[in-house]
Amino acid sequence: MTKMTAILKVEHVSKRFGGLRAVNDVSFSVQDGEMLFIVGPNGAGKTTLFNLITGFQQPDQGVIEFAGRPLAGTPPHRVARLGIGRTFQIVKPLRNLTVRENVMLGAFLHTRKVAEAADRAREVLEFLQMQAVSEQPANGLPLPTLKRLEIARALATRPKLILLDEVVAGLPTSEALALAALLQRLPEWGVTAVAGVEHVMQVVMKVAHRVVVLDHGALIAEGAPADVVRRPEVIEAYLGAKYKQVTG
Amino acid sequence: MTSRNRIPTILAVGGFGLCLLVPLVVHQDYELNVLFRIALFAALGLAWNLVGGYAGQLSLGNAAFFGIGAYSLPVFHRLGAPIVVALVLGMVTAVAAALVIGRVAFRLRGPYFALATIAFAEVLRLSAKNLDKITGGDVGIQVPALFASDPSRWFYWSAVALTAAALATTVLIVRSRFGYALQAVREDEDTTLACGIDAARTKLLAFLISAAFTALGGALYASLFFYIVPDQVLAIEISEKSAIVAMLGGAGTMVGPIVGAVLLETAQELFKNWFQEAHQLIYGVLLVVVVLFLPDGIVGSVTARWRKRSAR
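Each value, and the rule that gives it
Along each chain, the written sequence defines residue order, and numbers are assigned to residues from 1. The naming scheme follows written order: chains are lettered A onward, ligands numbered 1 onward. With the structure being a predicted model, the display of local features is reserved for residues of pLDDT at least 70 and the display and counting of side-chain atom pairs for 80 or more, all residues being used for whole-chain, interface and lining totals. Strands here mean DSSP runs of E at least two residues long; helices mean DSSP runs of H or I at least four residues long; both are numbered from the N terminus. Only C-alpha atoms enter the radius of gyration; for comparison, a globular chain is expected to reach 2.2 Å times N to the power 0.38, where N is the number of residues. For the exposure call, what matters is how many other C-beta atoms sit within 10 Å of a residue's own: 20 or more marks it buried, 12 or fewer exposed, and in between partly exposed, using C-beta atoms placed from the backbone. Between any two strands, pairing holds if DSSP finds at least two bridges. Residues are treated as contacting if the C-beta atoms built from their backbones sit within 7 Å of each other. Inter-axis angles, ranging from 0 to 180 degrees, are taken between N-to-C directions of lines fitted to C-alpha atoms, where helices are fitted over the stretch in contact. Expected span, for any helix, means 1.5 Å times one less than how many residues it has. Directions are taken from the helix axis to each C-beta atom, and the arc is the one they span.

Moving on to the overall build of chain A. Along its length, chain A carries ten helices and ten strands. In terms of overall size, chain A behaves like a compact globule, its C-alpha atoms giving a radius of gyration of 18 Å where 248 residues would be expected to give roughly 18 Å. When its C-alpha atoms are laid out on the principal axes, chain A stretches across 60 × 45 × 40 Å. In chain A, which comprises 248 residues, the share counted as buried stands at 44%.

Here the focus is the sheet that holds strand β4 (residues 61-66) of chain A. All names here are of chain A. Strands sit in the order β2-β1-β4-β5 across an open sheet of four strands; the sheet is antiparallel. Strand pairing shows two members of the sheet lacking a second neighbour, β2 (20-31) and β5 (69-70), which therefore form its edges. Alignment of β4 against β5, held across two bridges, turns out to be antiparallel. Across the sheet, the residue bridging to F66 is R69, located in β5. Packing against the sheet, helix α1 (residues 46-53) makes contact with β1 (6-17), β2 and β4, and its axis sits at approximately 65 degrees to β2.

This part takes up the sheet that holds strand β9 (residues 210-215) of chain A. Hydrogen bonding along the main chain pairs the strands of a sheet, whether they run parallel or antiparallel. Residues and elements named next belong to chain A. Judged by pairing direction, the sheet is mixed, and its six strands sit side by side in the order β6-β7-β8-β3-β9-β10 without closing on themselves. Of all the strands in the sheet, the pair left with one neighbour each is β6 (84-86) and β10 (218-223). For this sheet the average axis-to-axis angle between neighbouring strands, irrespective of direction, equals 20 degrees. As defined by bridge partners, β9 adjoins β10 across five bridges and the pair is classed as antiparallel. Bridging across to β10, L214 finds its partner in L219.

Bringing helix α4 (residues 114-127) of chain A into the picture now. Side chains three or four residues apart in an α-helix point the same way, a direct result of the helix having 3.6 residues per turn. Residues and elements named next belong to chain A. Helix length check: α4 (14 residues) gives 20 Å between terminal C-alpha atoms against 20 Å at 1.5 Å per residue, within 8%. Inspection of α4 places A117, R120, A121, V124 and L125 among the buried residues, and these make up the whole buried set. Relative to the axis of α4, the buried residues are bounded by an arc of 135 degrees and lie together on one face. Set apart from the buried face of α4 by more than 90 degrees, the exposed residues are A115 and E126. Structurally, α4 contributes buried residues whose contacts are with α3 (99-107) and α5 (143-156).

Despite not being glycine, H216 of chain A has its phi angle at roughly 50 degrees, a positive value. Positive phi is not limited to glycine here, since D150 of chain B has a value of about 55 degrees. Positionally, D150 of chain B belongs in the loop between β1 (141-142) and α7 (151-174). Note on D150 of chain B: 11 C-beta atoms within 10 Å, which makes it exposed.

Residues and elements named next belong to chain A. Here β1 pairs with β4 via five bridges, running antiparallel. Bridged to E11 within β4 is V63. Linking β4 back to β5 in an antiparallel pair, the connection comprises two residues, with A67 at a positive phi of about 50 degrees.

Residue and element names in this part refer to chain A. Considering the arrangement of structural elements, one finds L186 in the loop between α6 (173-183) and β8 (193-197). Take L186: there are 20 C-beta atoms within 10 Å of it, and that puts it in the buried class. Spatially, the C-alpha atoms of L186 and V168 are 15 Å apart, while their sequence positions differ by 18 residues. Every residue in contact with L186, bar those within four places of it in the chain, is listed here: I162, V191 and V194.

The element helix α8 (residues 177-187) of chain B is largely enclosed, with a buried count of eight among its eleven residues. Inspection of α8 of chain B places Y180, A181, L182, Q183, A184, V185, R186 and E187 of chain B among the buried residues, and these make up the whole buried set. In this structure, the buried side of α8 of chain B is in contact with α3 of chain A together with α2 (29-54), α9 (189-194) and α10 (199-225) of chain B.

So, to be careful, I would describe these as geometric facts and stop short of saying anything about function.
Laid out in structure tokens, this is it:
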């Protein structure tokens, strides 16, 4: 096996909001072909990290590189054009447009033609098993469908790296696992790496190749999923210090 | 394209064809001038609709472009430019102004954007009042006649042509990638960016197109009136009415601004004759009623209801 290359490198990145260190000297990388999941309690800085990578916010310190190219100062639409797709944790559908039209907007990144974008949208929607709602306006669809729509839209931009921000959170377990199975098939769509933020450990354990754990903005653990969840510092971050003795 | 998609096109072409024949029946200058105003505000509403309706950016400063178009005609003509060149220079100047205004105002969102556009238009109005050497100030300036003979008819035909051009432009835009991008900006700017679309550029481009059409409308209006002052062609009422006809008919719909202009101008004209000074009050009440009960405008509400029925 050849040596893997990092498609995304995050080095010593920090971001403060007033007195709050949302992200504190975080370093990690995503390898080509890898599914990396970032876990951590609420407010650990996971979404901020995604915003820094995608250019919606700029880091105070540190360097983020995508495919060997530093992203500093690159606005969000340029980041998307470089090949980083993202979903939003708090779903942001284009409410008065249909599901198909929502996905078409992602597809327009690679074509000017409306018909081609529509075809691409249809393919993506079929993959995500959303054909039934394709002509419905996004407005009024249930949250699980809107989460899938986030993935569909991001996938339609043909990203090399896709950032999934809590796409299975809030789904019933069976649906979460079904969606996780679809996520494992993303490489078929040219997605070479996936970075996910997720709470649902069942899904993370199933699909993640590697896990990094954030707590209060800092990276506290990194490794294979089965290994990371046993570490005392991770258990402490999730459950509090008193559980550390019992389990660790 | 399927035959189903052709029906609206045939209707539109037929409709505009009929509009062009109206002067064969209507001969009075007064009536033709009312029809001119309907067509003019339909065009202004369509121009506003690109930015205010499709892109969802509430511009209330389109009087700036209207006024620039109106003043460019006499000012450039006096400098020696032929009338057609003066018309084009008016559009170019308005587009340049839109570039400056847009660059600044689009940094703001929602009501702050609206306030900024009002401010720019007001600055232009006050400037025009004080730059007597160029604009004639409050005394006014004489505007060259666009049409030597039979002006009422020709102004009416020009306004109809402007409306047709604005509608055709709208249709082409809405069916293109650019049109989808505009609507995406209206729905959610972050999502638009995540799709790789430059939201700022998208809004600005719509603003420039809107300014060009509005400037042409201003030039037509100025030439019809023959003599213009700043409080007339740079008035905030022009901005408001451009927005109101579109919202009344249905912002973000293709024919909404035309429906709105027909209803509003007709109602205003009738009320003016029936109620004299009270017409403003009735006009105001009517607007409040529409905003409260038909927030999507007439065309918007009708299509929503029709869609619901056909979905059943």
